[in-house]
Amino acid sequence: MSDPTPVIDDLREESEELDALVAELGPEEWRLATPAPGWTIAHQIAHLHWTDRAALAAVTDEDGFGTLVEQALAAPDRYVDDAAEEGAEQPPAELLTAWRKGRTALDEALRAAAPGARFPWYGPPMATASMATARLMETWAHGLDVAAALGVSRPPTDRLRHVARLGVRTRDFAHAARGLTPPAEPFRVELTGPGGDLWTYGPEDAPQRVTGPALDFCLLATQRAHRADLALTAEGPDADRWLDIAQAFAGPPGAGRPPRGESR
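Each chain carries its own residue numbering, running from 1 in the written order of its sequence. In view of the model being predicted, local features appear only for residues whose pLDDT reaches at least 70, and side-chain atom pairs are presented and counted only at 80 or more, with totals across whole chains, interfaces and linings using the full set of residues. To get the side-chain values, take all heavy atoms of the structure and skip hydrogens and water.

Draft legend 1. Broad picture of the packing of aromatic side chains. Think of it this way: a Phe, Tyr or Trp ring, Trp meaning its six-membered ring, pairs with another when their centres are within 6.5 Å, and the plane angle makes it stacked under 30 degrees, edge-to-face over 60, tilted otherwise. If you walk through the whole model with that rule in mind, you get eight aromatic pairs. When the centroid spacing of 6.3 Å and the interplanar angle of 25° are considered together, the rings of Trp50 and Tyr122 count as stacked. In this pair, Trp50 is assigned in helix H3 (residues 41-60) and Tyr122 in the loop between strand S1 (118-119) and strand S2 (126-127), connecting sequence segments 72 residues apart. Any residue under 20% of the maximum accessible area for its type is buried, any over 50% is exposed, and the rest in between are partly exposed; the area is computed with a 1.4 Å probe on protein chains only. Residue Trp50 is classed as buried on the basis of its relative accessible area of 14%. On the basis of an interplanar angle of 70° and a centroid distance of 5.0 Å, the ring pair of Trp121 and Tyr122 is categorised as edge-to-face. When its relative accessible area of 23% is taken as the criterion, Tyr122 is described as partly exposed. An aromatic cluster is built from Trp50, Phe65, Tyr79, Trp121 and Tyr122, whose rings are joined through pairwise contacts. Only DSSP runs of H or I with at least four residues qualify as helices, and only runs of E with at least two residues qualify as strands; both kinds are numbered from the N terminus onward.

Structure below.
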């Protein structure tokens, strides 16, 4: 059984980097628009706080998490935006404090989880390492939106390895979320990491494959960039279709981002 500690440590580092971006912002800056339509920086942090609390409930209070699932099912098209809107209405200092407390509580709960434990989620149940990976993926993706609003760049790190792996593992989920039958055969995925090393997934002799920069694949899987703006190559019709629908996050299919230069 793999030790979840490394990905939990990386989740903490990812969160701390984002915290450093927002810690000194003034009230007006918290209201800056991000690339997500209708979402300010406050919405982004409020969403992370909400999902951290949902993850904590999944790990420590299964009945309480069940209530959250019922709320999501009652308003599947609104529950994410509604939660972000409610959180964004808090004074920035209170929101920042709440986010810090929530992610600390989740960090402690993940580290204390029993070996082999599995937790309910909005998609399939997840092990401790998978839950931490999902939280890292969300933190990185929403952190990109915050950075874009502030006009700053966040250099990619090897923590993207977790996001890339999740993007590969959710191939079949991305199809199912759209009512499509997943491909029967595995793909080969070869990604070049930020440091130049090659990250590989799937059989080496698979006839269908995806290649390109790991950063670009992670941007695609988190729907932070349009495929047309990324240096990803697909070989095979199924692999090509996957790049049009890739989705590493749970829930209904996202609208994605328009190609660079276009607006909604």
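Draft legend 2. Local environment of the nonpolar core. What is meant by a nonpolar core is a set of buried Ala, Val, Leu, Ile, Met, Phe, Trp, Tyr and Cys residues, joined one to another through side-chain atoms within 4.5 Å. Among the nonpolar cores identified, the biggest contains 51 residues, and Leu110, Trp121, Met131, Trp140 and Leu191 are the most heavily contacted of them. The contact definition used throughout considers only heavy atoms, calling two residues in contact when any of these lie within 4.5 Å. Look past the residues within four positions of Met131 in its chain and what remains in contact with it is Ala55, Ala58, Leu110, Phe119, Pro120, Trp121 and Met126. The next biggest cluster of nonpolar side chains, apart from the first, holds 15 residues, and it includes Trp30, Leu95, Leu96 and Ala149.

Draft legend 3. Geometry of H3. Given the number of residues in a helix, its expected span is that number minus one, multiplied by 1.5 Å. For H3, spanning 20 residues, the distance from its first C-alpha to its last is 29 Å, which sits close to the expected 28 Å at 1.5 Å a residue. Among the 20 residues in H3, 17 count as buried, and that is most of the element. Under the rule applied, a polar contact is a pair of N or O atoms within 3.5 Å (in protein, one hydrogen donor and one hydrogen acceptor; residues adjacent in sequence only if both atoms are side-chain atoms). The N-cap residue of H3 is Thr40: its side-chain oxygen and the backbone nitrogen of Ala42 are 3.2 Å apart.

Draft legend 4. Expanded view of helix H6 (residues 92-112). End to end, H6 covers 30 Å across 21 residues, agreeing with the expected 30 Å (1.5 Å per residue, within 8%). The complete set of buried residues in H6 reads Leu95, Leu96, Trp99, Gly102, Arg103, Leu106, Asp107, Ala109 and Leu110. Viewed end-on, H6 has its buried residues packed into an arc of 165°, placing them on one side of the element. The outward face of H6, more than 90 degrees from its buried face, is lined by the exposed residues Ala93, Lys101, Glu108 and Ala112. By arc we mean the arc of the directions from the helix axis to the C-beta atoms, nothing more.

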